[in-house]
Amino acid sequence: MIKTVGSMEAVTSVGNKSAGNTVKELFNTVANTTGAKDEGFMNRILQYIDSRDWKANKKYKVAMAVVGTIFGILGLIAWLLIRPFALSTIDWMFCFIGYPALVACFVLAVYSCTHEFHTGSYPD
């Protein structure tokens, strides 16, 4: 079967053992052709932290600090944007900073239950 994607062609055959990763190869071909990225910003940050030669416990702590800081800054920016119109007291600033950071760290903890950091060097 021939599937045409843009200007690239990916040839796959049903039942052929050599074509085991054809879906992944097709996705990578499409991503390379269209310039699409298969990784998000947070995924790249977590991969960078995982590539460090640290123990897994330190990687979790660094990831929590980085993710919490990023989402806290995004909350601050959101509060600064709406402050002239409503919710202008400093109490609301702490709410806009704290809740996104807390929720982001919780989501990271849940995500890391199935995507663990590695202890030591990241295998190449």
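Rules of the game
Residues numbered from 1 in each chain as written. Predicted model: local features only at pLDDT ≥ 70, side-chain atom pairs only at ≥ 80, totals over all residues. Heavy atoms only, no water. Phe/Tyr/Trp six-rings, centres within 6.5 Å; stacked < 30°, edge-to-face > 60°. Lys NZ or Arg CZ within 6 Å of the ring centre and 35° of its normal. Helix = DSSP H or I, 4+ residues; strand = E, 2+ residues; numbered from the N terminus. Expected span 1.5 Å × (residues − 1). Contact = heavy atoms within 4.5 Å. Salt bridge = Lys/Arg side-chain N within 4 Å of Asp/Glu carboxyl O. Buried < 20%, exposed > 50% of the residue type's maximum accessible area, 1.4 Å probe, protein only.

1. A closer look at the packing of aromatic side chains
Part 1 of the argument: Taken as a whole, this structure holds one aromatic pair when the rule is applied.
Part 2 of the argument: The ring of Trp 54 carries Lys 58 above its face, with NZ or CZ at 4.8 Å from the centroid.

2. Thoughts on helix H4 (residues 90-111)
Part 1 of the argument: In this model H4 runs 32 Å from its N-terminal to its C-terminal C-alpha over 22 residues, within 8% of the 32 Å that 1.5 Å per residue would give.
Part 2 of the argument: Buried residues in H4 make contact with helix H2 (41-51) and helix H3 (56-82).

3. Examining the pattern of salt bridges
Where charged atoms of side chains with opposite charge meet at close range, the side chains can pair.
Part 1 of the argument: Under the counting rule described, the total for this entry stands at one salt bridge.
Part 2 of the argument: Among the ionic pairs, Lys 59 bridges to Asp 50, the shortest N-O distance being 3.3 Å. The residues Lys 59 and Asp 50 share a single accessibility class, namely buried.

Limitation: the analysis is restricted to geometry and does not speak to function.
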